[in-house]
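Coordinate analysis (summary)
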Amino acid sequence: MLVAFYPNLAKCDVAENWQINFQDSATPIMEGIINLHHDLMFFICVVLIFVTWMLVRTLWHFEYRQNIVPSSLTHGTLIEVIWTTTPALILLIVAIPSFSLLYAMDEIISPAITIKTLGHQWYWSYEYSDYTNESDEPIVFDSYMIPEDELELGQLRLLEVDNHVVVPLNTHIRIVVSAADVLHSWAVPSLGIKCDAIPGRLNQTSMFVKREGLYYGQCSEICGINHGFMPIVVEAVTLPNYVTWIYNKLSN
Ligand code: CUA
C-alpha cells in the first residue's frame, strides 16, 4: 500500500520475518499473480461470510429449544438449483482471469536471451549460451550459497550466493531449467517464477524484469540434506551494465 504512494520506497524482494503477504513484483507475470490473488480474495470473502451466516442461522433455527416441532421439509427444487448453479457460476467467473494468467505465464515471447540453469546437489549452475569467447566456449558458472561464517555486514543469511544471475532490464528472457542429479525447483518470488528442475528434461519459463534490483529465491523442491542451502540471486541491471558484465565474463 505504501509503495503506491511512495514509488521510491524500498521494495520487498526477499522474504521478511513474519511476512504474510507477497513480495513486491518485478515482472508483469508477478503483477498478474498478485492481481489474481486479490480478485480471488473478493470471492473468498463473500463466500466465507455467506456460508458462515447460513451455518449460524441453521444452528440457531434448528436448535431444539427454538423449534420444538421440526419442519418436515426435506427438499425443494428451486433452492437446490440455486445452490448448485451459484457455485458453478462463481467458478466460471474465477476461471476467466485464471486461465488468461495461466496462458500468459506459458507464453515465451521471442526471447532476446536464453539462460540455462541446472540444479545440482546442492548448488545451481548457469549457462549463457548466446555468447561465446574466441575458443567458442559459452559463459558457464556455478552459484554457491555464502556460508554463515563468511557473510559480510548487510548480507542475508542463507540467501546470498557467490555468483549472481545477471540479467538486463526490460528484455524478454527465456530460462531453461533442468537438473543434473535429483529434482530441484528454481523459484524467485518477485519474478513470479517457480519452475521444476527435472533430470533428463528441459523446462522453460520466461521473465521480463521491470526494475533494477537483487531478487532472492530458493530451491523449492526437497532435494536432500542441503535443500535449504542452495539459494538463487538474480541481479537485474541496465543494458550497458549487462553488456559490460558479459564482456568481463567472456574475457576471463
Ligand atoms: Cu535443490 Cu531443493
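Everything here concerns the structure above.
Going along each chain's sequence as written, the residues are numbered from 1 onward. The predicted origin of the model limits local features to residues at a pLDDT of at least 70 and limits the giving and counting of side-chain atom pairs to 80 or more, whereas totals for whole chains, interfaces and linings rest on all residues. The basis for the side-chain values is all heavy atoms of the structure; hydrogens and waters are excluded.

**A look at the overall build of the protein chain**
Condition: Runs of E in the DSSP output that reach at least two residues are strands. Runs of H or I that reach at least four are helices, and both are numbered from the N terminus. Each residue's exposure class comes from its accessible area (1.4 Å probe, protein chains only) as a fraction of the maximum for that residue type: buried when under 20%, exposed when over 50%, partly exposed otherwise. Residue exposure ignores everything except the shown protein chains as possible cover, and the areas themselves are Shrake-Rupley values with a 1.4 Å probe. Charge counting follows a simple rule: Lys and Arg are positive, Asp and Glu are negative, and His as well as the terminal groups are ignored. In this description, the location of a charge corresponds to atom NZ of lysine, CZ of arginine, CG of aspartate or CD of glutamate.
The number of helices and strands found in the protein chain is four helices and ten strands. Sequence-ordered secondary structure for the protein chain, helices as α and strands as β, is α-α-α-β-β-β-β-β-β-β-β-β-β-α. In terms of principal-axis extent, the alpha carbons of the protein chain reach across some 90 × 45 × 40 Å. Split into buried and exposed, the 252 residues of the protein chain put 32% on the buried side. In the structure as shown, the protein chain presents an accessible area of about 16,400 Å², 63% of it carried by carbon and sulfur atoms. In the protein chain, the 11 positive side-chain charges and the 26 negative ones have mean positions that sit 10 Å from each other.

**Brief notes about the pairing of strand β4 (residues 165–168)**
The line we're drawing: Two strands pair under a simple rule: DSSP has to find at least two bridges between them.
Judged by which residues are buried, β4 turns out to be covered on both faces: V165 and V167 on one side and V166 and P168 on the other are all buried. Sheet topology places β4 next to strand β10 (residues 232–237); four bridges connect them, and they run parallel. Each residue of the ladder has a partner; that of V167, found in β10, is A236.

**Re the side chain of N133**
As a reminder, the rule being used: In the analysis that follows, any N or O atom pair within 3.5 Å is treated as a polar contact, provided that within protein one partner can donate a hydrogen and the other can accept it, and provided that, for residues neighboring in sequence, both atoms belong to side chains.
Inspection of the secondary structure puts N133 in the loop between β2 (123–132) and β3 (138–143). A distance of 3.1 Å separates the side chain of N133 from the backbone nitrogen of S135, its partner in a polar contact.

**Some thoughts on unusual backbone geometry**
Leave glycine aside and you will find that most residues have negative phi; peptide bonds, for their part, are mostly trans. Following Q121, the chain continues to W122 via a peptide bond in cis, the omega torsion being -5°. Mapped onto the secondary structure, W122 falls in the loop between β1 (113–120) and β2. In this structure, N170 is a non-glycine residue whose phi angle is positive, near 45°. You can see N170 is positioned in the loop between β4 and β5 (173–179). With a relative accessible area of 48%, N170 lands in the partly exposed category.

**Some remarks on the pattern of salt bridges**
Pairing of side chains with opposite charge becomes possible as their charged atoms draw close. Which entries qualify depends on this criterion: Definition used for salt bridges: Asp or Glu carboxyl oxygen within 4 Å of a side-chain nitrogen of Lys or Arg.
Considering all chains together, one arrives at five salt bridges under this definition. As a salt-bridge pair, D13 and R211 come within 2.9 Å of each other at their nearest N and O atoms. With D13 in the loop between α1 (2–5) and α2 (28–61) and R211 in the loop between β8 (203–207) and β9 (213–219), the pair connects residues that are 198 residues apart, well separated along the chain. D13 gets classed as buried once you look at its relative accessible area, which sits at 10%. Here K210 makes a salt bridge to E31, at a shortest N to O gap of 2.9 Å. Residue K210 is found in the loop between β8 and β9, and its partner E31 is found in helix α2; the two are separated by 179 residues along the sequence. Take K210: its relative accessible area is 41%, and that puts it in the partly exposed class.

**Quick notes on the sheet that holds β4**
Convention followed: Helix axes are fitted to C-alpha atoms over the stretch in contact, other axes to C-alpha atoms as well, and angles between N-to-C directions run from 0 to 180 degrees. Whether two residues touch is decided by their heavy atoms; if any such pair falls within 4.5 Å, the residues are in contact.
Here five strands make up an open sheet; going across it, the order is β4-β10-β9-β6-β7 and the pairing mixed. Edge strands, defined here as strands with exactly one partner in the open sheet, are β4 and β7 (193–197). Pairwise comparison of adjacent strand axes, ignoring direction, gives a mean angle of 25° for this sheet. Relative to the sheet, helix α4 (residues 239–251) contacts β4 and β10, its axis offset from that of β4 by approximately 135°.

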